[in-house]
Amino acid sequence: MWFFISIFLIVVIIALDFWWRRKLRAQSRRQVAELEEYQHKHQQTTIDAKAQQQVLFNSMLEGLLLLDRNRKIYLANRAFKNLFGLKTELRGKTVMEALRVLELAELVERAETEKQVLDYELKLPDLSERWLQVNAAVINNSAGEREGTILVFHDLTRLKKLERARQEFVANVSHELRTPLSLIKGYVETLLDGARNNAEVAERFLKIIERNAQRLDLLIQDLLTISALESERIKLNLNPVELRPLVEKIFADLKPPAENKNVELFDTVPGLTATADSSRLEQVFANLVDNAIKYGRSQGHVTVGGKKLDDGKLEIFVRDDGPGIPPESLDRVFERFYRVDKARSRDQGGTGLGLSIVKHIVQAHGGEVWVESELGKGATFFFTLPAAKAA
């Protein structure tokens, strides 16, 4: 009896042990599975966070460079690579290895010493003359130890070019205003000192004063015109404009200076009609024909012609047979105050804004303007206009 009871108890104990071990193994497997799932979720969260961080950094307009404690690149966003024209992987490289810009490597060292460097202007050593504004700061951990350095880059090139253009514009305007003002002031002082008592001298001086006053007035008018054109404050009054009568009017207005140089004016414009602002188009023809007379040769020819293009536009040209324009000046003649021959231009009394005004008026009409020239064979200025639609 006790033997069977003992056997039964042993079997029960073995069964309980087996059941308990099985339960522990199941629980262990469940815990391992839960741990693996947690680790997977944690890894996925980390990957998602890094991806979101990378997307965020790459969406920044400013270039971002993150260095570790060993001054190795840990992260560089897309804007940074674009600023420096980089295609290769930068992670793990030093600034000098990646960029070859000593000044930037020195800036990193300075930031580590001073903790931060703000509004540092960096000129890149390339032919395109690019400027960057750099802000650098050290990243510290909770213990105050340096973990790395962050640098943010902002492209200043456009602002620098605008600033240079503004300075050149102010300098040019000041120079253009100073010359006639100095002449007016000098002759007025001479008249006040007694020259007014000599009728012949006084009349000659007053004519010089009047001529320079007109030059000042012309310069101010041109400055106001180009300012309004550039800011798009001028609204064009577009109507069908027949070109031949307009050219004939310009020729009549400019007949005296043409006769002074024995320059013949030729109108070869066929019966073309443009959609344009008549008064603005008159400015274009007046400036181009006047320049052709001034800078062409004496006893030369000035020709205005044109044709209709297949794309529904008109191509007009003004040609002279003067000395021509040097190749290096062809791309700059439409800049404000640019002069091919400065001494000759000022003798002729121009403001240096005529061709710039021509360019802006033509572009306001949706056209293009360009020049072709060969030294010793004259220059031809072309521009396009929209053709008037048939009634």
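Scroll up a little and you will see the structure.
Draft legend 1. Highlighting the overall build of the protein chain. Secondary structure assignment for the protein chain yields 11 helices and 12 strands. The 391 residues of the protein chain split such that 35% are buried. Summarising the internal contacts of the protein chain: among those between residues at least 6 apart in sequence, 58% fall at separations of at least 24. For the protein chain, the computed accessible surface area is about 24,600 Å², with 54% contributed by carbon and sulfur atoms.

Draft legend 2. Representation of the pattern of salt bridges in the model. Counted by the stated rule, this structure contains 15 salt bridges. Here Glu282 ties to Lys249 by a salt bridge, and the two come within 2.8 Å at their closest N and O atoms. Of this pair, Glu282 sits in helix H9 (residues 278-295) while Lys249 sits in helix H7 (residues 243-253), and the two are 33 residues apart along the sequence. Taking relative accessible area as the criterion, Lys249 reaches 38% and is therefore assigned partly exposed. The salt bridge involving Lys377 is made with Glu374; its shortest N-O contact spans 3.6 Å. According to the relative accessible area criterion, Glu374 is partly exposed, its value standing at 47%. Three or more residues joined by partner-sharing salt bridges are found here, namely Arg71, Glu109, Glu112 and Arg146.

Draft legend 3. Quick peek at unusual backbone geometry. Positive phi outside glycine occurs at Arg71, with the angle close to 65°. Tracing the backbone through its elements, the reader meets Arg71 in the loop between strand E1 (63-68) and strand E2 (73-76). Relative accessible area serves as the criterion here: at 34%, Arg71 is assigned to the partly exposed category. One non-glycine residue, Arg100, lies in positive phi territory at about 60°.

Draft legend 4. Inspection of the sheet that holds strand E7 (residues 264-267) at higher detail. Taken in spatial order, the five strands line up as E7-E9-E10-E12-E11 in an open sheet, and their pairing is mixed. Of all strands in the sheet, those bounded by a partner on one side alone are E7 and strand E11 (369-373). Averaged over all pairs of adjacent strands, the angle between strand axes in this sheet comes to 15°, irrespective of strand direction. As paired elements, strand E10 (residues 313-320) and strand E12 (residues 379-386) share seven bridges and run antiparallel to each other. Looking at E12, one finds that Arg319 is bridged to Thr380. Here H7 sits on the sheet in contact with E7, strand E9 (301-308) and E10, set at roughly 170° to E7.

Draft legend 5. Expanded view of the side chain of Thr303. Its place among the elements puts Thr303 in strand E9. By relative accessible area, Thr303 is classed as buried at 18%. Each residue touching Thr303, except ones within four places of it in the same chain, is listed here: Phe266, Thr268, Phe317, Val318 and Arg319.

Conventions and cut-offs
- Each chain carries its own residue numbering, running from 1 in the direction its sequence is written.
- For this predicted model, a pLDDT threshold of at least 70 governs which residues receive local features, and a threshold of 80 or more governs which side-chain atom pairs are given and counted, while totals over whole chains, interfaces and linings are taken from all residues.
- To get the side-chain values, all heavy atoms of the structure are used, and hydrogens and water are removed first.
- Helix and strand definitions here come from DSSP, where helices need a minimum of 4 consecutive H or I residues and strands a minimum of 2 consecutive E residues; each element is numbered from the N-terminal end.
- Each residue is placed in one exposure class: buried if its accessible area under a 1.4 Å probe, protein chains only, is under 20% of its type's maximum, exposed if it is over 50%, and partly exposed if it falls in between.
- By definition in these notes, contact holds between two residues if any of their heavy atoms fall within 4.5 Å.
- The protein chains shown are the only cover counted for residues, whose accessible areas, like all others here, come from Shrake-Rupley with a 1.4 Å probe.
- Here a salt bridge means any side-chain nitrogen of Lys or Arg lying within 4 Å of a carboxyl oxygen belonging to Asp or Glu.
- Two strands are counted as paired when DSSP detects at least two bridges linking them.
- Axis angles are defined between N-to-C directions and span 0 to 180 degrees, where every axis is a line fitted to C-alpha atoms and, for a helix, only to the segment in contact.

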